[in-house]
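Overview (structure and organization)
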Amino acid sequence: MKKIYILIVTVLCSTYSYTQDPELFEHEWYLHYLVIDETVLYSPMPKIDVILYFNDSNEDADYLEVAIPFCNDGHAGVINFDEDSVFNLETFDWALVGDCAGEEFTEFAEFMMNHYTIYALNDGSGIPKNPFTYTLETDGENYTLTIENVDGDYAVYSDQELSTHEFENNRFSIYPNPISKTLHIIGNKDVIRGNIYSITGQKTAIINSTAKEIDVSLLQNGLYFLELETSDGSNQVVRFVKE
């Protein structure tokens, strides 16, 4: 088992405290993919774990930590929760100097820099892209965490390692989100049908098509869940906001 390196950061006091989903703090979150400028990015070296932690063990502040144990690399920042499912980072700094500096890691380093830009500007300032929203979803057994920045770019994590979880092969993403008219589906499986549900669980639309574009212009504004069924019989639920 690989050693998990603990990143030590200076923590600052939080002025306010908001109740967050306890699952957020109880799991190690393994990075699965990124969506930046509506483009899905996968790790070129999926066997190298990229692990995100929400740590509330300090009495004065909560902080977010990213660790890459294989590379002895990572970064961290103090979190201020503004409200449920919304947080701001005070900074997001590199806390360790990485060992993965050879040519064989060039593409992986680029991918990790893209991951860094989900959270902060890539100009050496460490200025965060506040505010961030997070969404926790579960199929009853495994959890998925999505963190979205102010620009609409986001990272998707799971409580299961990338190399052992079928989530990697069955996943879908949608864009834009929020959406006003046409919803686009990105994925590496063929969709055969789908259903759209309101926040109350009411089925509002049935999709009997393999097309990866859905007109949602007639839906009322609000939060919805898109359930997709693929040709191999697997299902996935993706949330979106109609505005």
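Our structure is the block above this text.
What counts and what doesn't
- Each chain has its residues counted from 1, following the order in which its sequence is written.
- Local features in this predicted model are restricted to residues whose pLDDT is 70 or higher, and side-chain atom pairs enter the listing and the counts only when it is 80 or higher, whereas totals over whole chains, interfaces and linings include all residues.
- Side-chain metrics rest on all non-hydrogen atoms present in the structure, leaving aside hydrogens and water.
- A pair of strands is labelled paired if DSSP reports no fewer than 2 bridges between them.
- Secondary structure elements follow DSSP: runs of H or I of four or more residues count as helices, runs of E of two or more count as strands, with numbering from the N terminus.
- Comment: axis = line fitted to C-alpha atoms, over the contacting stretch for helices; angle = value between 0 and 180 degrees taken between N-to-C directions.
- Remark: nonpolar core denotes a set of buried residues (Ala, Val, Leu, Ile, Met, Phe, Trp, Tyr, Cys) joined through side-chain atoms within 4.5 Å.
- Categorising residues by exposure relies on relative accessible area from a 1.4 Å probe, with only protein chains included: less than 20% of the type maximum marks a residue as buried, more than 50% marks it as exposed, and the intermediate range marks it as partly exposed.
- It only takes one pair of heavy atoms within 4.5 Å for two residues to be counted as in contact.

Pairing in this open sheet of four strands is antiparallel, and the strands run β14-β13-β16-β17 from one edge to the other. On the outer flanks of this sheet lie β14 (203-207) and β17 (235-242), each paired with one strand and no other. Taking the axes of each pair of neighbouring strands and ignoring which way they run, one obtains an average angle of 20 degrees across the sheet. As paired elements, strand β16 (residues 222-230) and β17 share eight bridges and run antiparallel to each other. Pairing of Glu229 across the sheet is with Asn235, part of β17.

Here we take up the nonpolar core. Counting 34 residues, the largest nonpolar core has Leu52, Phe54, Leu64, Phe87, Tyr119 and Ile147 as its most contacted members. For this core, the leading source of residues is helix α2 (residues 106-119), giving six residues. Those residues in contact with Ile147 that sit more than four places away from it in its chain are Leu52, Phe54, Phe87, Ile118, Tyr119, Phe132, Thr133, Tyr134, Asp153, Tyr154, Ala155 and Tyr157. Core analysis: the next-biggest nonpolar cluster, separate from the first, contains 15 residues, Ile179, Val191, Ile207 and Leu228 among them.

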